[in-house]
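Structural overview for review
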Amino acid sequence: MTRIAVLVSGRGSNLARLVQMAASGDLGVQIAMVAADRECPALQIAREAGVPVFAEDARAIGPEIWQARCLERLSQAGVELIALAGFMRVIRGELLDRYAHAILNVHPSLLPAFPGKDAVRNALAHGVRVSGATVHLVDETLDGGPIVLQEAVPVLPGDDADSLAERIRSVEHRLLPQAIQLLAAGRVRVQGRRTVIV
Ligand code: GRF
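Predicted model, so just to flag it, every value in this text is computed and none were measured. (Residues numbered from 1 in each chain as written. Predicted model: local features only at pLDDT ≥ 70, side-chain atom pairs only at ≥ 80, totals over all residues. Heavy atoms only, no water.)

A word on the overall build of the chain
Keep this limit in mind: Under the DSSP-based scheme used, a helix requires at least four consecutive residues in state H or I and a strand at least two consecutive residues in state E, with every element numbered from the N terminus. The quantity called the radius of gyration is restricted to C-alpha atoms. Its globule counterpart is 2.2 Å times the number of residues to the power 0.38. Each residue is assigned to one of three classes by its accessible area relative to the maximum for its type, calculated with a 1.4 Å probe on protein chains only: buried under 20%, partly exposed between the two thresholds, exposed over 50%. Should any heavy atoms of two residues lie within 4.5 Å, those residues are considered in contact. His is not counted, nor are the chain ends; Lys and Arg add positive charge and Asp and Glu add negative charge. Charge positions are represented by NZ for Lys, CZ for Arg, CG for Asp and CD for Glu.
Check the secondary structure of the chain and you find seven helices and nine strands. At 16 Å, the chain has a C-alpha radius of gyration in line with the 16 Å of a compact globule built from 198 residues. C-alpha extents for the chain along the principal axes are approximately 50 × 40 × 35 Å. Counting the 198 residues in the chain, one finds 47% classified as buried. Across the chain, every contact between residues at least 6 apart in sequence was considered, and the portion connecting residues at least 24 apart equals 61%. Once the 21 positive and 21 negative side-chain charges of the chain are each reduced to a mean point, those two points are 3 Å apart.

Brief notes about the packing of helix α1 (residues 13-23) against helix α7 (residues 161-184)
This is how the line gets drawn: Lines are fitted to the C-alpha atoms to define the axes, a helix being fitted only along its stretch in contact, and any angle between axes, read from their N-to-C directions, falls within 0 to 180 degrees. What sets the label is the angle itself: under 35 degrees gives roughly parallel, over 145 gives roughly antiparallel, 65 to 115 gives roughly perpendicular, and the rest give oblique. What makes a crossing left-handed is the near helix being turned counterclockwise from the far one by less than a right angle; a clockwise turn instead makes it right-handed. Only Asp, Glu, Lys and Arg are considered charged, only Ala, Val, Leu, Ile, Met, Phe, Trp, Tyr, Cys and Pro nonpolar, and every remaining residue, Gly among them, polar.
Axis separation between α1 and α7 bottoms out at 9 Å; the angle between their running directions is 50°. By the criterion of interaxial angle, the relationship of α1 to α7 is oblique. Between α1 and α7 lies a crossing of right-handed hand. In contact with Ser13, Asn14, Arg17, Leu18 and Met21 of α1, α7 contributes Arg169, Glu172, His173, Leu176, Pro177, Ile180 and Gln181. In terms of residue class, the contact of α1 with α7 is made up of five nonpolar, four polar and three charged.

Digging into the side chain of Gln67
Our working definition: Under this definition, polar contacts are N or O atom pairs within 3.5 Å; protein pairs additionally need one hydrogen-donor-capable and one acceptor-capable atom, and for neighbouring residues in sequence, both atoms have to be side-chain atoms.
Here Gln67 shows up in helix α4 (residues 63-76). Within polar-contact distance, the side chain of Gln67 engages the backbone nitrogen of Arg92 at 3.0 Å.

Considering the sheet that holds strand β4 (residues 81-84)
Rule in force here: Two strands are said to pair when DSSP picks up at least two bridges between them.
The strand order β3-β2-β1-β4-β5-β6-β7 describes an open sheet built from seven strands, whose pairing is mixed. Strand pairing shows two members of the sheet lacking a second neighbour, β3 (53-55) and β7 (147-154), which therefore form its edges. The average angle at which neighbouring strand axes cross in this sheet is 15°, direction not considered. Pairing analysis gives three bridges linking strand β2 (residues 30-36) to β3, with the strands arranged parallel. Within β3, the residue paired with Ala35 across the bridge is Phe54. Seen against the sheet, α4 touches β1 (3-8), β2, β3 and β4 and runs at an angle of roughly 165° to β2. Against the sheet, α7 makes contact with β1, β4, β5 (103-107), β6 (130-137) and β7, and its axis sits at roughly 160° relative to β7, the strand it touches most.

Structural notes on the packing of aromatic side chains
Put simply, the test is: In this analysis, rings of Phe, Tyr and Trp, with Trp reduced to its six-membered ring, are considered paired at centre separations within 6.5 Å, and the interplanar angle assigns stacked below 30 degrees, edge-to-face beyond 60, and tilted for intermediate values.
Enumeration according to the criterion identifies two aromatic pairs in this entry. By way of ring pairs, the aromatic residues Phe54, Trp66 and Phe87 are connected into one cluster.

Considering helix α2 (residues 41-48)
This is how the line gets drawn: This arc corresponds to the set of directions leading from the helix axis out to the C-beta atoms.
Residues of α2 that are buried: Ala42, Leu43 and Ala46. Down the axis of α2, the buried side of the element spans an arc of 100°, and every buried residue falls inside it. The exposed residues of α2 that point more than 90 degrees off its buried face are Pro41 and Glu48.

Digging into the site of the ligand
Going by this rule: If a single non-hydrogen atom of a residue is within 4 Å of a molecule or strand, that residue counts as near it. Of the grid points, spaced at 1 Å and generated over the protein atoms alone, those admitting a 1.4 Å probe that cannot get out make up cavities, while open sets with protein on both sides within 12 Å along at least five of seven lines make up pockets; any residue with an atom within 4 Å of a point is treated as lining. Cavities and pockets are treated as containing a molecule whenever more than half of the molecule's atoms lie within 2 Å of their grid points.
In the neighbourhood of the ligand, the contacting residues comprise Arg11, Gly12, Ser13, Asn14, Gly86, Val106, His107, Pro108, Arg169 and Glu172. The backbone of Arg11 places a nitrogen or oxygen atom 3.5 Å from an oxygen atom of the ligand. Spatially, the ligand is embedded in the largest pocket. Of all the secondary-structure elements, those providing two or more residues to the shell around the ligand are α1, β5 and α7. Tallied by class, the residues present in the shell around the ligand amount to two nonpolar, five polar and three charged.

Given below as structure tokens:
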């Protein structure tokens, strides 16, 4: 079974979904490690599930050292594929090189609209009628790598950032596991900016 790592910085609802699917045998890959760049609720989910964690504060040791140590742990754990699920840092350098086309990120907008932080808030402030969720491969750009899966979520009258974010998150909870399964099965081919699902 493909061994994956999930990188987190926050609440961990996507991680919780992945852990739940892994436990019931529906994920089809093994969560071999969870890495966090700070103490966060997501870490608790990993610990309770008995998943090995790498948790060092990147603010204390600096992002380069954090990524180097994380890479070491990923190699030791035999991780082949990485999912960023609310991970608040850009992956760079050797970590990115070693996992080229093997890192997925989930983002709460229809990219390339509203990359970066506060995507849901920014989309609402812009007055969009439709937003959504995107799962994409990670490259050196911020939320800019080739898109694997994307699904629209309508903005409803009276929506605020919390209500819209919640509906987007429930879509993320379907799309991220699906993208992980496709990538693990070797079904995602990258052709320039596009991906083809075979
Ligand atoms: C999600 O909305 C994801 O798109 C973004 O960060 C959020 C993480 O949520 N990158 P959670 O920590 O999985 O609940």
